[in-house]
Amino acid sequence: MNRSFWIIALINFINSLSFTILIPTIYQYGREFHLSDIETSFLFAIFSIAQFFATPIIGKLSDRFGRRPLLIISLAGTVIGNLLAGTAPNAMVLFFARFLDGVTGGNISVAQAVISDVTIPANRAKGFGIFGASLGLGFVMGPVLSLVAQQRSLGTAFLVSSAFAAIALVLTIFFLPETLQTKVDNRINIFDLGLRDLVKGLTFPKLGILFIINLCVGTTFTLFTFAFQPYYLKVLHQDTKSLTLLFFAIGIVGVVVQLQGVKLMTKYMSLVKILFFGLFFRSLSFVLMPVIPDIHFFLGISIIFSLFNSLVQPMISTLISLNTSPEEQGKMSGLNASYLSAANGIGPVIAGLMVDQRNPSTYGYPLYLAGICTFIVLFFAVRNRRKYTPKMV
């Protein structure tokens, strides 16, 4: 792994911190503005819907103009968006801030394209495993920093998030070289920004199936993430502090799996089989979580979930990269991130419609649905495995 790889991994870690600081905060912050559960679900969704349309544009532009300038624009949007959110005087400004962060939020897709630029195919699974671990480290440290920020106010978490995004921005400007060797000719299809590919992408040979899997996997995950917090707080009667510590524990497990587990498993299993393995235990965990409303049972299942959930995204990202030509890595990473953003917008809305604030037991319903749907995704992935398995894997 060369210098650029480790620089982008560090930038990704800091950017991940900026994002994960907010995860234990957004639901409760929305309630401070007197938003209902369904309104809070739209607060989750507006960020992701904006990302859905913006990410393929950012990814394709990074193929034309380079990774570095697009990463700078994206990080700058996160800095401004979170600064606005942390100082929002009303819900309208908060929604606008989340939209602004989303519409410039192509950071991860551009970072993934950088990983593809600087790693050879044989090392790509390892590269994406380390990349995933840098995200996981953010999940470890982010909740801790969020807990500290919450001692002042929930809005302070957004300001801290903005500060970390600013650090990533400075590192990108001064230390990250351009990694794209061959840029797409700017004179060709200059007005084609990739939006048509949002529809066409699902039909691309090999990649289309992986995009569908990622879209469905992402939807089930956001069903889980939206229901997770109110279920923990209102059904299990725990507090925000212990919720943040649980996110911390999940992050630690995820980092260990992605740093060591992926490396070890790829010696004995193909990438496709590791994906199946992760999906199976992930779906089982979703179904089991709300079966017994007991905090000790829930914590045990959550740790099992974090072990196997950590395998899924690195495998999907690696398979997409290995099925993509070098000159389209940014475009396809952007499409992949865009479908994931669509999932992040769909999941909270479905979950928000399923729950009833007057009946806390309904917060378990999205978890059951996430588990059932993940089993269906696993069946689809197994049945179509020959269509997307690279020859070298």
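None of the values given here were measured: they were computed from a predicted structure.

Side note on the packing of helix 1 (residues 3–20) against helix 4 (residues 67–86)
Inference 1: It is the contact of helix 1 with helix 4, at a shortest axis distance of 12 Å, that shows an interaxial angle of 20 degrees. The angle between helix 1 and helix 4 places the two elements in the roughly parallel class. Relative to helix 4, helix 1 is oriented so that their crossing is left-handed. Together, I8, I11, N15 and S18 of helix 1 and L71, L75, T78 and N82 of helix 4 make up the contact between the two elements.
Inference 2: For the contact of helix 1 with helix 4, the residue count by class is 4 nonpolar, 4 polar and no charged.

Here's the deal with a nonpolar patch on the surface
Inference 1: A grouping of F280, L284, L288, V291, I292, Y365, Y368 and F375 is seen on the molecular surface, where their side chains present a nonpolar patch of about 630 Å² in accessible area.
Inference 2: Taken together, the elements giving at least two residues each to the nonpolar patch come down to helix 12 (271–288) and helix 16 (365–383).
Inference 3: Locating V291 in the fold gives a position in the loop between helix 12 and helix 13 (295–309).
Inference 4: Assessed through its relative accessible area of 44%, V291 is described here as partly exposed.

Side note on the nonpolar core
Inference 1: One finds L94, F224, F228, Y231, Y232, M289 and F298 to be the most contacted residues of the largest nonpolar core, which totals 40 residues.
Inference 2: Residue assignment for this core shows that the elements contributing at least two residues are helix 2 (26–32), helix 3 (37–65), helix 5 (91–103), helix 8 (154–175), helix 10 (207–235), helix 11 (240–265), helix 13 and helix 16.
Inference 3: Of the residues forming this core, the biggest block, 9 residues, is contributed by helix 10.

With respect to helix 10
Inference 1: For helix 10, spanning 29 residues, the distance from its first C-alpha to its last is 40 Å, which sits close to the expected 42 Å at 1.5 Å a residue.
Inference 2: Bending of helix 10 peaks at approximately 30 degrees at the position of A227, with proline P230 no more than four residues after it.
Inference 3: Most of helix 10 sits inside the fold, with 23 of its 29 residues counted as buried.

About the criteria used
- Residue indices follow the written sequence of each chain, beginning from 1 at its first position.
- A pLDDT threshold of at least 70 governs which residues receive local features in this predicted model, and a stricter bar of 80 or more applies before side-chain atom pairs are shown or counted, although totals over entire chains, interfaces and linings include all residues.
- Derived side-chain values reflect all non-hydrogen atoms in the structure, with water molecules and hydrogen atoms excluded from consideration.
- Axes here refer to lines fitted to C-alpha atoms; in helices the fit is confined to the stretch in contact. Angles between the N-to-C directions go from 0 to 180 degrees.
- Helical segments are the DSSP runs of H or I of at least four residues, strand segments are the runs of E of at least two, and each set is numbered from the N terminus.
- Each angle receives one of four descriptions, namely roughly parallel if under 35 degrees, roughly antiparallel if over 145, roughly perpendicular if within 65 to 115, and oblique otherwise.
- Should the near helix be turned counterclockwise from the far one by less than a right angle, the crossing is left-handed, whereas a clockwise turn marks it as right-handed.
- Note on contacts: a residue pair is in contact if any heavy atoms of the two residues lie within 4.5 Å.
- Each residue is assigned to one of three groups, with Ala, Val, Leu, Ile, Met, Phe, Trp, Tyr, Cys and Pro labelled nonpolar, Asp, Glu, Lys and Arg labelled charged, and all others, Gly among them, labelled polar.
- Surface patches are drawn from residues lacking salt bridges whose relative accessible area is over 30%; two like charges belong together within 9 Å, two nonpolar side chains (Val, Leu, Ile, Met, Phe, Trp, Tyr) within 5 Å.
- Note on areas: these come from Shrake-Rupley sampling with a 1.4 Å probe, and a residue is covered only by the protein chains present in the view.
- The term salt bridge refers to a pairing of a side-chain nitrogen on Lys or Arg with a carboxyl oxygen on Asp or Glu at a separation within 4 Å.
- Whether a residue is buried, partly exposed or exposed follows from its accessible area with a 1.4 Å probe, protein chains only, as a fraction of its type maximum: under 20%, in between, or over 50%, in that order.
- To form a nonpolar core, buried Ala, Val, Leu, Ile, Met, Phe, Trp, Tyr and Cys residues must be joined to one another through side-chain atoms within 4.5 Å.
- Multiplying one less than the number of residues by 1.5 Å gives the expected span of a helix.
- Bend, at a single residue, is the angle you get between axes fitted to the 7 residues ending at that residue and the 7 residues starting at it.

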